[in-house]
Amino acid sequence: SQDVQWEPRRRVNLAVAKLQGRDPARLMLADLALNPTVKKFKTLTSLTRIVLSAYSSLPAATSTATSTGDEEGELLEVGEQVDRLMALATDPNLLVRHWSGLQTWI
């Protein structure tokens, strides 16, 4: 049925959105919204607040995406996308929430 979204296609579409310059936090949140554990424990609202708080270190002009009506938001300039990715990658509140099996110290 066409109602069922095929997982490989969804992942390819996510990769395309990243390459197009979509807001990385919005893409992450869209992906988290489909996560069965997030659904089970109803944690999307809290995770949204946590993920978007990573942007608080950015200048006001780049800290929030202005939506163009689609769920991922506007297309970002390369520098702005890099700034947002770096904010997400270095935010201590997000770093402590990584999967424990990731073993980033190795």
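Report on the accompanying structure.

Definitions and limits used
- Residues numbered from 1 in each chain as written.
- Predicted model: local features only at pLDDT ≥ 70, side-chain atom pairs only at ≥ 80, totals over all residues.
- Heavy atoms only, no water.
- Helix = DSSP H or I, 4+ residues; strand = E, 2+ residues; numbered from the N terminus.
- Contact = heavy atoms within 4.5 Å.
- Expected span 1.5 Å × (residues − 1).
- Buried < 20%, exposed > 50% of the residue type's maximum accessible area, 1.4 Å probe, protein only.
- Arc of directions from axis to C-beta.
- Core = buried A, V, L, I, M, F, W, Y, C linked by side-chain atoms within 4.5 Å.

### Some thoughts on the environment of Val38
In this structure, Val38 sits in helix H3 (residues 36-41). Other than its neighbours up to four places away in sequence, Val38 contacts Leu32, Thr43, Leu44 and Leu47.

### What about helix H1 (residues 7-20)?
Its 14 residues place the ends of H1 20 Å apart at the C-alpha level, agreeing with the 20 Å of an ideal helix rising 1.5 Å per residue. Turning to H1, its buried residues number three or more, namely Arg10, Leu14 and Ala17. For H1, the buried positions fall inside an angular range of 60 degrees around the axis, keeping them on one side. When the buried face of H1 is taken as reference, the exposed residues oriented beyond 90 degrees from it are Arg11, Val12 and Leu19. Summarising the contacts, the buried residues of H1 are in contact with helix H2 (24-33). After H1 finishes, the residue Gly21 shows a positive phi value of roughly 100 degrees.

### Examining helix H6 (residues 78-90)
Between its first and last C-alpha atoms H6 spans 18 Å; for 13 residues at 1.5 Å apiece the expected length is 18 Å, and the two agree. Among all positions of H6, only Glu80, Gln81, Arg84, Ala87 and Leu88 are buried. For H6, the angular spread of the buried residues around the axis is 125 degrees, confining them to a single face.

### Brief notes about the nonpolar core
Formed by Ala25, Leu29, Ile50, Val51, Ala54, Tyr55, Leu58, Ala87, Leu88 and Leu94, the largest nonpolar core amounts to ten residues. Taken together, the elements giving at least two residues each to this core come down to H2, helix H4 (44-53) and H6. Once residues lying within four places of it in the same chain are set aside, the contact partners of Val51 are Ala25, Met28, Leu29, Leu88 and Leu94.

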